[in-house]
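Spelled out, the chains give:
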2 protein chains.
Amino acid sequence: MTGEIKYLLGEEDMPKQWYNIMADFKNPPSPVIHPGTMQPVGPADLAPLFPQEIILQEVSQERYIDIPKPVRNIYRQWRPSPLYRARRLEEALDTPAKIYYKYEGVSPAGSHKPNTAIAQAFYNKVEGVKRLTTETGAGQWGSSLSLAGAFFGLEVEVFMVKVSYQQKPYRRAFMETFGATVHASPSEITNAGRAVLAQNPNSTGSLGIAISEAVERAVQRDDTKYSLGSVLNHVLMHQTIIGLEAIKQLEMAGDYPDIVVGCTGGGSNFGGIAFPFIGEMLRGGKKVDVIAVEPAACPSITRGKYAYDFGDTGKMTPLVKMHTLGSAFVPPGFHAGGLRYHGMAPLVSQLVEEGYIKGVAYHQTQCFAAGVQFGRAEGILPAPEANHAVKGAIDAALQCKREGKKKTILFNLCGHGNFDMQAYADYAAGKLKDEDYNQQELAMALAGLPKMPVSA
Amino acid sequence: MTGEIKYLLGEEDMPKQWYNIMADFKNPPSPVIHPGTMQPVGPADLAPLFPQEIILQEVSQERYIDIPKPVRNIYRQWRPSPLYRARRLEEALDTPAKIYYKYEGVSPAGSHKPNTAIAQAFYNKVEGVKRLTTETGAGQWGSSLSLAGAFFGLEVEVFMVKVSYQQKPYRRAFMETFGATVHASPSEITNAGRAVLAQNPNSTGSLGIAISEAVERAVQRDDTKYSLGSVLNHVLMHQTIIGLEAIKQLEMAGDYPDIVVGCTGGGSNFGGIAFPFIGEMLRGGKKVDVIAVEPAACPSITRGKYAYDFGDTGKMTPLVKMHTLGSAFVPPGFHAGGLRYHGMAPLVSQLVEEGYIKGVAYHQTQCFAAGVQFGRAEGILPAPEANHAVKGAIDAALQCKREGKKKTILFNLCGHGNFDMQAYADYAAGKLKDEDYNQQELAMALAGLPKMPVSA
């Protein structure tokens, strides 16, 4: 029985700074545009939503930004997270490739999300905020922010997409146990929610509606701000501790990847593992193949347009330039709820355009098959989202086998599947479908992208 | 925000031997008795059920037994497990006591159970066994043995108490994903199961019936053995790696406990944390208060009799001397399924009699309240079983506060509650009851204990 090799950093080797990839960009990032004025948004536009330090981080050009000590004090409960050499999986695949995975499921919420939830809660706390609002789909993000709120004594109000609220009572129980208030969205407590319910009393909700509700609640009260779990620059930066640790751990192993793989929904766990390696490339370092794995049913990178679009379905947010399927696009229901977003982080999108990231798309049953194979070899059942990264890594390893190449593959196992066993039960029972998106709906959603001035 | 302090051993410091407390016993353990002959059982009696090495370990007088290298190779995927100083909980309680907890939820199955599942699978594998049978209630043990079977290429057949099979489809999905076959017990595939169903077609099953089914299947086939997840000597010994690591980690902290707390069902996680400290006492070392926390609804230590009894309801197993509520005793339904056993490990029972262990009993709502308090401070939601240990530790810390004593408390957090969110949801909704056992039923079960020869 081959053992895994675990590379564990000492706490003293935990990074003390996040990495801000904007400092190494060859081209400046596209500005965020106010949909009313069509002018770039300024700090004042964002102040009702975010604390000052977060706004500064969103536009910072500093290469490294200090992780505050109270944040590090909490990180080190589960960080540095382990890096594993997946030797049993390598044996099962009979590949000459070396496969490493960084495991973020060791956090108390079971995913990478607390890396930014803790940081965001901290910055809000020090600026006197009393309450955070947010939205959540499947519940990973809401759970993480609830946890962070409990640590810092902040009230947390979560708008949970109604269909998930009803289908995932355990995620709701998790949030409520940590003291959060969870509303099924659309709710009766916001104008946005009431407007939707007036039109359709049976609405099961969407992430777009939930965002509108959370934003509305935050704007209404001076002591309340809004918190987002992916897409934005500062969120991706908070996740770079994953890749920074991985670089140190691979050094311990005397190794460096040829291929880096992550799954992409809004882009935060992917940016977390990939940006430090892309940063090395941008500064003239070793060329690495960086693969962003997305669901074939919601393929923003591989089938979307690189264009300005709204972050929410309700068209209330500023406009950002990103790979998008159109904010009106509604993907079919599949189990990786964390990957059901119409857009992609602007930073990831720009790096795709510049050739540093390659997108690939898989259907969910392929990904579950990969997850089960990984689980039986490695003992960990990945979250449905993470199964996409597993599938990407396994395919890369099998490619190495066909070509007889001893490449080094690194992927991010961003969370465990303990809260997703219904999906595994459905998969085992042959009930999972590989539903595709509706081509006509996608065409319509893309045709509905906002008209921008020529200069953008 | 106070940070936790995490004491992490390097892999090279992971213990290479288990500790066998029988070597330090002042009085010999009471023999296991064959219920037919009323004579002590010998290795030949156990050979149809267990591999030779396990039988030897069950009666060994060696103080330390080597952990085979292939077992250590798998252990080190998650071991040494972390020891935490619970500083945020200390602050929340405003206690002068120091509280440490050893966290076994980092294993792939989320509890301490893989510590023995991996070892048992290994010994069976090297002796040519092809298939393991076992029973499971809530599913923690069945999950762990399924995982171990996947690692070693052994078939695993689990008899899962029917009521749990129906109520906990996610645990079943977990086992099946790792390739195990899971039967609802009572089943139609054994004589024991058919006999129960003939009498009561609607039987929801019991651990006692499931044991009978698993044993019957193992005995029928030469290539099949049986595996038990608690109670027996070798199982508790495999868990001592928990306490052995804790001693080393507390050394790093420059500390040693005054109080050691664990929850007790069959006794395996409790023995795992406590035996290395009790061993120090037996060899003349520092006096430690060792507290075994059990459910008030199934209180074998605090309300049971120290007597010979069967391990199963069907009276098919050998007789062991232990604290028992009578093998006919059926506890009321409460959420800590892993603590719903009528007996207690013989080794734990003897140490209770000799004054080295003190039992205390709590009702489940007290324990959930403690678990929620712990979770909000520490970020980890404990399993319902582990909440009993949390409650014991919190009560000890509050006692220190009342007395102004700076004692050091160590407890075992044997597993996380990710698969138990229904229980937390019920607790939050005020639906949890503190049902007590039926006093008359207990008296009858105790009156029905087997009649033994005077010498036993």
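(A) Representation of the pattern of salt bridges in the model. Residue and element names in this part refer to chain A. Applying the stated criterion across every chain yields a total of 32 salt bridges over all chains. The partner of Glu155 in a salt bridge is Arg131, with the nearest N and O atoms 3.0 Å apart. Here Glu155 is found in strand β7 (residues 155-161), whereas its partner Arg131 is found in strand β6 (residues 131-136), with 24 residues between them in sequence. Owing to a relative accessible area of 10%, Arg131 belongs among the buried residues under this scheme. Two residues, Arg283 and Glu280, come together in a salt bridge whose shortest N-O distance is 3.5 Å. Connected through salt bridges with shared partners, the residues Asp24, Arg63, Glu280 and Arg283 form a single ionic network.

(B) Region of the structure containing the interface of chain A and chain B. Of the residues lining the interface, 46 residues belong to chain A; the matching set on chain B comes to 46 residues. For the pairing of chain A and chain B, the buried interface totals around 3,800 Å² over both sides, and the portion due to carbon and sulfur atoms is 57%. Along the contact surface separating chain A from chain B lie zero salt bridges. When grouped by side-chain class, the residues that make up the side of chain A that touches chain B number 26 nonpolar, 10 polar and 10 charged.

(C) Representation of the sheet that holds β7(A) in the model. All names here are of chain A. The strand order across the open sheet formed by four strands is β8-β7-β6-β9, and the pairing between neighbours is parallel. Two strands close off the open sheet at either side, each with one partner strand: β8 (181-185) and β9 (224-226). On average, adjacent strands in this sheet sit at an angle of 25° to one another, irrespective of strand direction. Contacting β6 and β7, helix α6 (residues 140-152) crosses the sheet at an angle of about 165° to β6. Helix α8 (residues 169-177) rests against β6, β7 and β8 of the sheet, and its axis sits at about 170° to β7.

(D) Layout of the relation of the copies chain A and chain B. Once chain A is rotated about the relating axis by 180° and shifted along it by 0.0 Å, it coincides with chain B to within an RMSD of 0.0 Å. Considering both components of the superposition, the chain copies are consistent with a two-fold axis. Among all residues of chain A, the one whose C-alpha sits closest to the rotation axis is A:Asn418, at a distance of 3.2 Å. A share of 100% of the interface residues of chain A reappears at the interface of chain B, consistent with the copies meeting face to face through the same patch.

(E) Structural detail: the domain arrangement of chain A. All names here are of chain A. Partitioning chain A into domains gives domain 1 (5-13 + 76-110 + 239-443) and domain 2 (17-35 + 57-66 + 112-233). Taking only C-alpha atoms, the centre of domain 1 and the centre of domain 2 are 22 Å apart. At the interface, 49 residues of domain 1 touch 41 residues of domain 2. Across the domain 1/domain 2 interface, buried area totals approximately 3,700 Å², and carbon plus sulfur atoms make up 62% of it. In this structure, the connection of domain 1 to domain 2 is made through one salt bridge. At the boundary of domain 1 with domain 2, the tally comes to 17 residue pairs in polar contact (both at pLDDT 80 or more).

(F) Molecular detail of the side chain of B:Asn115. All names here are of chain B. Looking at where Asn115 falls in the secondary structure, it is placed in helix α5 (residues 114-126). With a relative accessible area of 0%, Asn115 lands in the buried category. There is a polar contact of 3.1 Å between the side chain of Asn115 and the side chain of Glu104. Engagement of the side chain of Asn115 in a polar contact is seen with the side chain of Gln239, the distance being 2.9 Å. Other than its neighbours up to four places away in sequence, Asn115 contacts Tyr75, Trp78, Arg79, Glu104, His238, Gln239, Ile241 and Ile242.

Calculation criteria
Residues numbered from 1 in each chain as written. Chains lettered and ligands numbered in written order. Predicted model: local features only at pLDDT ≥ 70, side-chain atom pairs only at ≥ 80, totals over all residues. Heavy atoms only, no water. Salt bridge = Lys/Arg side-chain N within 4 Å of Asp/Glu carboxyl O. Helix = DSSP H or I, 4+ residues; strand = E, 2+ residues; numbered from the N terminus. Buried < 20%, exposed > 50% of the residue type's maximum accessible area, 1.4 Å probe, protein only. Contact = heavy atoms within 4.5 Å. Buried area = accessible area lost by both parts, 1.4 Å probe. Nonpolar A, V, L, I, M, F, W, Y, C, P; charged D, E, K, R; others polar. Pairing = 2+ DSSP bridges. Axes fitted to C-alpha atoms, helices over the stretch in contact; angles between N-to-C directions. Least-squares fit on C-alpha atoms with pLDDT ≥ 70 in both. Domains from an automatic or database assignment. Polar contact = N/O pair within 3.5 Å; in protein donor to acceptor, adjacent residues only side chain to side chain.

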